[in-house]
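The residues making up each chain are set out below.
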Amino acid sequence: MVLLAADGVAIEAVHEPADFDADVTHDAAGRVPVTVVAHGFTGSAGRPHVRRAAAVFRRYGAVITFSFRGHGASGGRSTVGDREVLDLAAAVAWARRLGHRTVWTVGFSMGGSVVLRHAALYPAGGPDAHASGHADGRGSGPTEGHGSGFADPHGPAHTDAVVAVSAPARWYYRGTAAMRRLHWVVTRPLGRAVGRYGLRTRIHTSDWDPVPLDPAEAAARIAPTPLLLVHGDRDPYFPLDHPRALATAAGPQADLWLEPGMGHAENAADEALLARIADWAARRAPGGREGWGCPS
């Protein structure tokens, strides 16, 4: 399936039904929940670690995977977490058009920052697309961070629960060797060539203008939507002050899991952790496990 983000970029997306070998039941209208997976930088809907996560999440309902702009078969160029919020909104709106009543988002690394901003900018019962709440990152709409939210022109695009795995708390972090390498890839012409040909990721050449909502600021605006923050204590990109800052900003409505021995993002999330994440979402999303009958 090809979706169009609100700014016209074509986004490849895949909808997969629940694994009917698992003990997933339906609501009274025959609907199951759906997980929308937001991959990390240089990932795509078809990458093995994304496919592995999708296979686990299908035990709990349907799954939508998609490739952010500049990744996989999607159009456009990566803005490394800025306009990507429009890609996620298009995928969530598609999930709701398909009839899923309960939608939760799970994002990894860059995708983790995107699910945080998405939840802040697209609240349940939010305003129409003309209302205040900038989401395109280029000044074509109202300034991000003002007003109550932003709605997708394709239909309701809010999430019912949010999981951010290995997400940064702030932009422009260069405190680790891994992040210094990433900044070189993103900001230098030779680095972007490496990104395009070596990492199969097409990167935008323009700087952010304006700078999008900071992930910690976004986390502070998500309540009352349930939020789970997952981070490894061996993450080579973002040390533990990042998840702790996000949890502090989000307040008591957020759950924080600091995972011993875990590295970074979807590559480091094993099947047991992915199942725990899906179980958390099934319990915390509106309706909860009792309403959906997800597996024990």
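Note that the structure is predicted; figures quoted are calculated from it, not measured.

Chemist: Would you mind showing me how to read the sheet that holds strand β2 (residues 10-16) here?
Modeler: The strands making up a sheet are joined through hydrogen bonds of the backbone, oriented either antiparallel or parallel. Read from one edge to the other, the open sheet built from eight strands follows the order β1-β2-β4-β3-β5-β6-β7-β8, with strand pairing classed as mixed. A single partner strand is all that each edge strand has here, and the edge strands are β1 (2-4) and β8 (254-259). Taken over all neighbouring pairs, the strand axes of this sheet differ in orientation by 20 degrees on average, direction set aside. Taken strand by strand, helix α1 (residues 48-57) contacts β2, β3 (34-38), β4 (62-66) and β5 (103-108), and its axis lies near 165 degrees from that of β4. Across the sheet, helix α2 (residues 84-97) is in contact with β1, β2, β3, β4 and β5; its angle to β4 comes to roughly 150 degrees.

Chemist: Which parts of the structure should I look at to understand the layout of surface pockets?
Modeler: In this approach, a probe sized like a water molecule rolls over the atoms, and the result shows the empty space that is left. Approximately 980 Å³ is the volume attributed to the largest pocket. Lining the largest pocket we find 43 residues, and of these Phe 41, Val 80, Met 110, Leu 182 and Val 186 sit closest to its centre. If one sorts the elements of the lining of the largest pocket by residue count, helix α4 (residues 177-187) sits on top with eight residues. When the residues that make up the lining of the largest pocket are grouped by side-chain class, the tally is 20 nonpolar, 15 polar and eight charged.

Chemist: Looking at this structure, how should I read the confidence of the model for the protein?
Modeler: Regions with low pLDDT carry predicted coordinates that are not meant to be interpreted in detail. Across the protein, pLDDT averages 88, with 84% of residues at or above 70. Long-range and interchain partners of residues 128-134, a stretch whose pLDDT sits below 50, account for 26 contacts in this model, where long-range means more than four residues apart. Segment residues 290-296 is flagged for pLDDT under 50; beyond a separation of four residues in sequence, or across chains, it makes 24 contacts in the model.

Chemist: Is there a simple way to explain the pattern of salt bridges in this structure?
Modeler: Here the idea is simple: oppositely charged side chains can pair when their charged atoms come close. Here the structure, examined in full by the defined rule, presents 11 salt bridges. Residue Glu 271 pairs with Arg 59 through a salt bridge whose shortest N-O separation is 3.5 Å. A residue pair is termed long-range when its members are at least 10 positions apart, and Glu 271 in helix α9 (residues 271-284) and Arg 59 in the loop between α1 and β4 qualify at 212 residues. Given the relative accessible area of 41%, Glu 271 is considered partly exposed. Under the relative-accessibility criterion, Arg 59 is labelled partly exposed at 32%. Where Arg 117 meets Asp 82, a salt bridge forms, and the shortest distance between an N and an O atom there is 4.0 Å. In this pair, Arg 117 sits in helix α3 (residues 110-121) while Asp 82 sits in the loop between β4 and α2, placing the two residues 35 residues apart along the sequence. Assigned by exposure class, Arg 117 and Asp 82 land together as buried. Put simply, Asp 7, Arg 69, Arg 83 and Asp 87 are held in one network by salt bridges that share partners.

Chemist: Just checking my understanding: could you explain the packing of aromatic side chains for this structure?
Modeler: Two aromatic rings are characterised by how far apart their centres lie and by the angle between their planes. Here the structure, examined in full by the defined rule, presents five aromatic pairs. Pairing Tyr 173 with Phe 238 gives two aromatic rings, centres 6.1 Å apart and planes at 45 degrees, and the pair type is tilted. Of this pair, Tyr 173 sits in the loop between β6 (161-165) and α4 while Phe 238 sits in the loop between β7 (227-232) and α7 (241-250), placing them 65 residues apart in sequence. Phe 238 carries the same exposure label as Tyr 173, and that label is buried. Here the aromatic residues Trp 171, Tyr 172 and Trp 208 are joined through ring pairs into a cluster of three or more. Positioned above the aromatic ring of Trp 257, the side-chain terminus of Arg 276 is 4.5 Å from the ring centre.

Chemist: Explain the side chain of Arg 202 here, please?
Modeler: Mapped onto the elements of the fold, Arg 202 is located in the loop between α5 (189-197) and α6 (215-219). With no salt bridge to any partner, buried Arg 202 finds its closest opposite charge in Glu 12, at an N-O distance of 8.4 Å. A polar contact is formed between the side chain of Arg 202 and the backbone oxygen of Ser 74, at a distance of 2.4 Å. Leaving out residues up to four positions away in the same chain, Arg 202 has contacts with Gly 70, His 71, Gly 72, Ser 74, Gly 75, Gly 76, Arg 77, Ser 78 and Arg 196.

Parameters and conventions
- Residues numbered from 1 in each chain as written.
- Predicted model: local features only at pLDDT ≥ 70, side-chain atom pairs only at ≥ 80, totals over all residues.
- Heavy atoms only, no water.
- Pairing = 2+ DSSP bridges.
- Helix = DSSP H or I, 4+ residues; strand = E, 2+ residues; numbered from the N terminus.
- Axes fitted to C-alpha atoms, helices over the stretch in contact; angles between N-to-C directions.
- Contact = heavy atoms within 4.5 Å.
- 1 Å grid on protein atoms, 1.4 Å probe; cavity = no way out; pocket = protein on both sides within 12 Å on 5 of 7 lines; lining within 4 Å.
- Points joined across faces, edges and corners; volume = space filled by probe spheres on them.
- Nonpolar A, V, L, I, M, F, W, Y, C, P; charged D, E, K, R; others polar.
- pLDDT = per-residue confidence, 0-100.
- Salt bridge = Lys/Arg side-chain N within 4 Å of Asp/Glu carboxyl O.
- Buried < 20%, exposed > 50% of the residue type's maximum accessible area, 1.4 Å probe, protein only.
- Phe/Tyr/Trp six-rings, centres within 6.5 Å; stacked < 30°, edge-to-face > 60°.
- Lys NZ or Arg CZ within 6 Å of the ring centre and 35° of its normal.
- Lys, Arg positive; Asp, Glu negative; His and termini not counted.
- Polar contact = N/O pair within 3.5 Å; in protein donor to acceptor, adjacent residues only side chain to side chain.

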